[in-house]
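Listed below, chain by chain, are the residues.
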Amino acid sequence: MPARVAAEIAALPEPRGPMRRLCGDLARRIRLLAPLLQQLQGALPLADALGAARDLLRAVHDGSKIYQVPCSSRLSRNQTTAFVIISSTYAMLCYDWMDQAMRGDGLLDRFASVNRQIQLALDALPYHTFDMPEEVQEQVALVHSQFKRAATRTDPPDAQLSKDISSALADKTFDPLVFTRISEKLQLQTMADIKKESVALHEMVISSGGEPDGCVEEMSSLLKKLKDCVITEKAPAPETLTARSASIKHRSPIIPDEFRCPISLELMQDPVIVSSGQTYERSCIQKWLDSGHKTCPKTQQPLSHTSLTPNFVLKSLIAQWCEANGIELPQNKANSRDKKSAKSSDYDHAGLVSLMTRLRGGNQDEQRAAAGEIRLLAKRNVNNRICIAEAGAIPLLVNLLSSLDPRTQEHAVTALLNLSIHENNKASIVGSHAIPKIVEVLKTGSMEARENAAATLFSLSVVDENKVTIGGAGAIPPLINLLCDGSPRGKKDAATAIFNLCIYQGNKIRAVKAGIVIHLMNFLVDPTGGMTDETLTLLAILAGNPEARAVIAQSDPIPPLVEVIKTGSPRNRENAAAILWSLCCADVEQTRAAKAAGAEDALKELSESGTDRAKRKSSSILELMRQAEEA
């Protein structure tokens, strides 16, 4: 199965050596296809392509670190370059590769071939019709385009490495700098590395029938010189260590463009989406907005609003990439700095102990006052959040969620909300069995308590596994109740929490069974309630689910959706087009109804002037209309 093969690729060690970037890019793109691969069953062309990628990555990992060795004696006469891979495990396979390389078919061509094979398999796969969230489909489409580029792009050989090896083979004098560069690039820096190469070379000679060619002889000579270099090398001086550290730093993995903030060009720690659909580092875009700008920095498109939506999918991908490349997560660094700077909170140690004592054993008035103080302290700054959690407040606050005093309950749930802003506190809150009690507050608490309970569930659901736990604890129905009968702020808190929970497929089913679609359609038909933005966002993520889509289709959705496409804001027109596209893909009758409702002209205009996503969706719907008319 494709998912199993992808898991094998993900389990491979971090690539090293001259082909590090090519291996890393190939493995990273395959990991990004994980949400798609989980939906595929059986033997598919994509499974075969992934198998070829796995075999290539394994061979490179297990093969010789001598990757691009020019065979100067023989190949200079043939005007060719050999790219040699040797492995004690893959000796026969690697010898075949060398033989082909001498005919002009090098290892780089094999990477291009594998990328091309995966691209063709994705070309034939109608993944846009799969039951996946919109953001996952766009992620798969992005990776698909990356494979297309990789299938035709080749990297030139390392000119400096070729020059150094030629020099090492030609000169009888021993130049330590040349051999140091070769050993570092080929990662043959210990006697164990040299021994492995020697064994691989011996296996290659055997596989060639005992008739080594000039390349093997030159490789043997190079290995001997590298061995002498390793034996005679002395402990590096401090300045050499500094230079080597700088070299290692210089060889750190290249950050993918999609992980960089378009403003700072640095790896994003807290990616957020603006109304134009572009993603930026939160601190960078906030500075842009605070300075009075009302446009998207990348597209110059006017922003319909200045709200920033966390891009949790991209944040998760960045975290996976950092972990795969042995890079400390940026957020972890920030947390580390937070802890170092948190020498004291607004309360000294004695003050915190007194607060904990009142929370634990005080009378009702004392508990209410202590919970209120913690609520305010946790809101004030990150140092307070760290110190309050370390003092043991979280389990005590969770206990107070069951308080019969409404004000105490409000303070407790709001304090937990403020504490959850610090990433490390989320696990402590969930570990204290807070979620069922927060859900109970959401059901029966005061309006303020319900609002803050919804906001707390949203904050905790940033962690993917918590989405499952929160949905399983029965949070969806009371969130829908708050969406319908809450205050304006409560409705928006509920909508935000529901949206984030519905990134997990199981929660979409729960929301549909709890009747969310009929309420959302009522909001859409009556825009005076001020919930149009939230309604379309929720319907867009639900429409990717077949059960939800069927219920939406039964609610006469075409007229209000067409009206939004004609007159709505850019983001709302985009979401309305996405919903309409999902409906039309599943049912040709919806396509005909959209055309009858006058959607064609509005879609043509949107395909020319809308956001990038709106253009894609509207063009696809117009094509479906054309096909329906021909049928």
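One can find the structure itself at the top, above this paragraph.
Rules behind the numbers
- Residues numbered from 1 in each chain as written.
- Predicted model: local features only at pLDDT ≥ 70, side-chain atom pairs only at ≥ 80, totals over all residues.
- Heavy atoms only, no water.
- Helix = DSSP H or I, 4+ residues; strand = E, 2+ residues; numbered from the N terminus.
- Buried < 20%, exposed > 50% of the residue type's maximum accessible area, 1.4 Å probe, protein only.
- Contact = heavy atoms within 4.5 Å.
- Areas by Shrake-Rupley, 256 points an atom, 1.4 Å probe, with all protein chains shown as cover.
- Axes fitted to C-alpha atoms, helices over the stretch in contact; angles between N-to-C directions.
- Parallel < 35°, antiparallel > 145°, perpendicular 65-115°, else oblique.
- Left-handed = near helix turned anticlockwise from the far one by under 90°.
- Nonpolar A, V, L, I, M, F, W, Y, C, P; charged D, E, K, R; others polar.
- Lys, Arg positive; Asp, Glu negative; His and termini not counted.
- Salt bridge = Lys/Arg side-chain N within 4 Å of Asp/Glu carboxyl O.
- Pairing = 2+ DSSP bridges.
- Phe/Tyr/Trp six-rings, centres within 6.5 Å; stacked < 30°, edge-to-face > 60°.
- Lys NZ or Arg CZ within 6 Å of the ring centre and 35° of its normal.
- Arc of directions from axis to C-beta.
- Core = buried A, V, L, I, M, F, W, Y, C linked by side-chain atoms within 4.5 Å.
- Domains from an automatic or database assignment.

*Asks:* Explanation requested: the overall build of the protein in the structure shown.
*Replies:* Scanning the protein for helices and strands turns up 36 helices and three strands. The proportion of buried residues among the 631 residues of the protein is 48%. When contacts within the protein are restricted to residue pairs at least 6 apart in sequence, those whose partners lie at least 24 apart make up 69%. When the accessible area of the protein is evaluated, it comes to approximately 29,100 Å², of which 53% is carbon and sulfur surface.

*Asks:* I would appreciate a short explanation of the packing of helix α24 (residues 447-460) against helix α26 (residues 476-485) in the present structure.
*Replies:* It is the contact of α24 with α26, at a shortest axis distance of 11 Å, that shows an interaxial angle of 120 degrees. One finds that α24 runs oblique with respect to α26. Regarding α24 and α26, the two cross each other, and that crossing is left-handed. The residues of α26 that touch α24, namely those facing Met447, Arg450, Glu451 and Ala454, are Leu479, Asn481, Leu482 and Asp485. Partitioned by chemical class, the residues of the contact of α24 with α26 number four nonpolar, one polar and three charged.

*Asks:* What should I look at first to understand unusual backbone geometry in this one?
*Replies:* Note: most peptide bonds trans; most residues except glycine with negative phi. Its identity is not glycine, yet His433 carries a phi of approximately 60 degrees, on the positive side. By secondary structure assignment, the location of His433 is in the loop between α22 (423-431) and α23 (434-444). Judged by its relative accessible area of 61%, His433 is exposed. Here the phi dihedral of Asp556 falls at roughly 50 degrees; this positive angle occurs in a residue that is not glycine. By the secondary structure assignment, Asp556 is in the loop between α31 (546-553) and α32 (558-567).

*Asks:* What am I meant to see in the side chain of Lys491 here?
*Replies:* Topologically, Lys491 is positioned in helix α27 (residues 488-501). Notably, Lys491 is buried but unbridged: the nearest opposite-charge side chain belongs to Asp485, and the N-O separation is 8.0 Å. Other than its neighbours up to four places away in sequence, Lys491 contacts Leu482, Leu483, Cys484, Gly486 and Met531.

*Asks:* In this structure, what is going on with the pattern of salt bridges? I would like to understand it.
*Replies:* Close approach of charged atoms lets side chains of opposite charge pair. With the rule as written, the count across this model stands at 25 salt bridges. Put simply, Glu8 and Arg58 hold a salt bridge, and the shortest N to O gap is 3.5 Å. On the criterion of sequence distance, the pair formed by Glu8 in helix α1 (residues 2-10) and Arg58 in helix α4 (residues 45-62) is long-range, its members being 50 residues apart. Glu8 sits in the partly exposed class, given a relative accessible area of 22%.

*Asks:* What am I meant to see in the sheet that holds strand β1 (residues 271-273) here?
*Replies:* Whenever strands of a sheet pair, they do so through backbone hydrogen bonds, lying parallel or antiparallel. In spatial order, the strands read β2-β1-β3; together these three strands make up an open sheet with antiparallel pairing. Since the sheet does not close on itself, it has two edges, and those belong to β2 (279-281) and β3 (309-310), each with one partner. Of the strands in this sheet, β1, β2 and β3 touch helix α14 (residues 282-290), which is tilted by about 95 degrees from β2.

*Asks:* Is there a simple way to think about the packing of aromatic side chains in this case?
*Replies:* Where two aromatic rings form a pair, the distance of their centres and the angle of their planes describe that pair. The full count for this structure, using the stated rule, is one aromatic pair. On the numbers, 6.0 Å between centres and 70 degrees between planes, the contact of Phe259 with Trp321 is edge-to-face. In this pair, Phe259 sits in the loop between α13 (238-250) and β1 while Trp321 sits in helix α15 (residues 312-324), placing the two residues 62 residues apart along the sequence. Exposure class is identical for Phe259 and Trp321. Each is buried. One residue, Arg29, lies across the ring of Phe147, its end atom 5.8 Å from the ring centre.

*Asks:* Can you walk me through the side chain of Thr535 in this structure?
*Replies:* Take Thr535: it is sitting in helix α30 (residues 532-542). Excluding its chain neighbours within four sequence positions, the residues that come into contact with Thr535 are Leu520, Phe523 and Leu524.

*Asks:* Teacher, can you tell me more about α1 here?
*Replies:* Among all positions of α1, only Pro2, Val5, Ala6 and Ile9 are buried. Buried residues of α1 fall within an arc of 100 degrees about the axis and therefore sit on the same side.

*Asks:* Where do I start with helix α25 (residues 464-472) in this structure?
*Replies:* Residues separated by three or four positions in an α-helix point in the same direction, a consequence of the helix having 3.6 residues per turn. For α25, the full list of buried residues reads Asn466, Lys467, Ile470 and Gly471. For α25, the angular spread of the buried residues around the axis is 135 degrees, confining them to a single face. In α25, the exposed positions angled more than 90 degrees off the buried face are occupied by Glu465 and Gly472. Of the surrounding elements, those touching the buried residues of α25 are α22, α23, α24, α27 and α28 (505-513). The first or second residue beyond α25 is Gly474, which carries a positive phi of 85 degrees.

*Asks:* Is there a simple way to think about the nonpolar core in this case?
*Replies:* Where a protein is soluble and globular, its nonpolar side chains tend to be buried together. If you look at the biggest cluster of nonpolar residues, it comprises 88 residues, and the most contacted ones within it are Leu359, Ile374, Leu397, Leu479, Leu483 and Ile516. Sort the elements by how many residues they give to this core and helix α33 (residues 570-586) lands first, with seven residues. When residues are assigned to domains, this core turns out to be shared by domain 4 (358-503) and domain 5 (515-630), each giving three or more. Not counting chain neighbours up to four residues away, the residues in contact with Leu483 comprise Lys491, Ala494, Ala495, Ile498, Ile516, Leu520, Phe523 and Met531. Counting 54 residues, the second-largest nonpolar core is a separate cluster that includes Leu36, Leu122, Ile285 and Cys322.

*Asks:* Mind showing me how you'd approach the packing of helix α29 (residues 516-525) against α32 here?
*Replies:* Geometrically, a packed helix pair is captured by the angle between its two axes and the distance between the axes. One can describe the packing of α29 onto α32 by two numbers: an axis separation of 10 Å at closest approach and a directional angle of 45 degrees. Taken together, the axes of α29 and α32 are oblique relative to one another. When the axes of α29 and α32 are compared, the crossing they make is left-handed. Across from Met521, Leu524 and Val525 in α29, the residues of α32 making contact are Pro560, Leu561 and Val564. Among the residues making up the contact of α29 with α32, the classes are represented as six nonpolar, no polar and no charged.

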